[in-house]
Amino acid sequence: EMVQKKSKSKRTTLKQKYKIVKRVKEHKKKVKKQKKDFKKFNKKKDPGIPNSLPFKDEILAEVQKAKDKLANEKRIKKENLKSRQKAKKAITLKPKIKQNKSSQW
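Bear in mind the structure is a predicted one, so any value in this text is a computation, not a measurement.

1. Let's talk about the overall build of the protein
Looking only at helices and strands, one finds three helices and zero strands in the protein. When its helices and strands are written in sequence order, the protein yields α-α-α. Across the 105 residues in the protein, those meeting the buried criterion constitute 1%.

2. Section: a positive patch on the surface
Where like charges cluster on the molecular surface, the positive patch consists of Lys25, Lys29, Lys32, Lys33, Lys36 and Lys40. Residue position: Lys40 is located in helix α1 (residues 14-41). The exposure class assigned to Lys40 is exposed, which follows from its relative accessible area of 59%.

3. Observations concerning a nonpolar patch on the surface
A surface patch of nonpolar side chains, about 320 Å² in accessible area, is lined by Leu14, Tyr18 and Val21. Given a relative accessible area of 52%, Leu14 falls into the exposed group.

4. Details of unusual backbone geometry
Backbone geometry follows two general trends: most residues other than glycine have a negative phi, and most peptide bonds adopt the trans configuration. Notably, Phe55 is not glycine yet its phi reads approximately 60 degrees, a positive angle. Relative to the assigned elements, Phe55 resides in the loop between α1 and α2 (56-92). Judged by relative accessible area, Phe55 falls into the exposed class, the value being 59%.

5. Regarding the pattern of salt bridges
This model, assessed by the stated rule, comprises one salt bridge. Two residues, Arg75 and Glu79, come together in a salt bridge whose shortest N-O distance is 3.1 Å. One end of the pair, Arg75, and the other, Glu79, are both in helix α2, four residues apart, so they sit about a helical turn from each other. In this structure Glu79 comes out as partly exposed when scored by relative accessible area, which is 42%.

6. Points about the confidence of the model for the protein
Residue-level pLDDT values for the protein average 86, and 88% of them are 70 or greater. Ranking the elements of the protein by mean pLDDT puts helix α3 (residues 101-104) last, at 57, and α1 first, at 93.

7. What to know about α1
Between its terminal C-alpha atoms α1 stretches 40 Å, which fits the 40 Å expected from 28 residues at 1.5 Å a residue. Across the 28 residues of α1, zero count as buried, placing the element largely on the outside.

What counts, and where the lines are drawn
- Residues numbered from 1 in each chain as written.
- Predicted model: local features only at pLDDT ≥ 70, side-chain atom pairs only at ≥ 80, totals over all residues.
- Heavy atoms only, no water.
- Helix = DSSP H or I, 4+ residues; strand = E, 2+ residues; numbered from the N terminus.
- Buried < 20%, exposed > 50% of the residue type's maximum accessible area, 1.4 Å probe, protein only.
- Patch = residues over 30% accessible without salt bridge, like charges linked within 9 Å, V, L, I, M, F, W, Y side chains within 5 Å.
- Areas by Shrake-Rupley, 256 points an atom, 1.4 Å probe, with all protein chains shown as cover.
- Salt bridge = Lys/Arg side-chain N within 4 Å of Asp/Glu carboxyl O.
- Lys, Arg positive; Asp, Glu negative; His and termini not counted.
- Charge placed at Lys NZ, Arg CZ, Asp CG, Glu CD.
- pLDDT = per-residue confidence, 0-100.
- Expected span 1.5 Å × (residues − 1).

Right, dumping it as structure tokens:
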């Protein structure tokens, strides 16, 4: 026959509540800022192709060709998506047959 202790109330004063909210807000802001600064700090620039490299022009041409190909594929994909969306919109915008209100009752 053990008597259970009363559990401590979880109520807090509003002063404490708002203090906690403030600290959480500050902490989130600090973490966000650190993340942003970390991204800035860790960015490394592409050194590119040195002038002393033989066949530099050919390499640059290949890179440009690859970029153009990607851009073209992206454009085609975008056009296909637009045409599909137009077709979908055309299907949904078909006129609906209206019923007379008198025929409902």
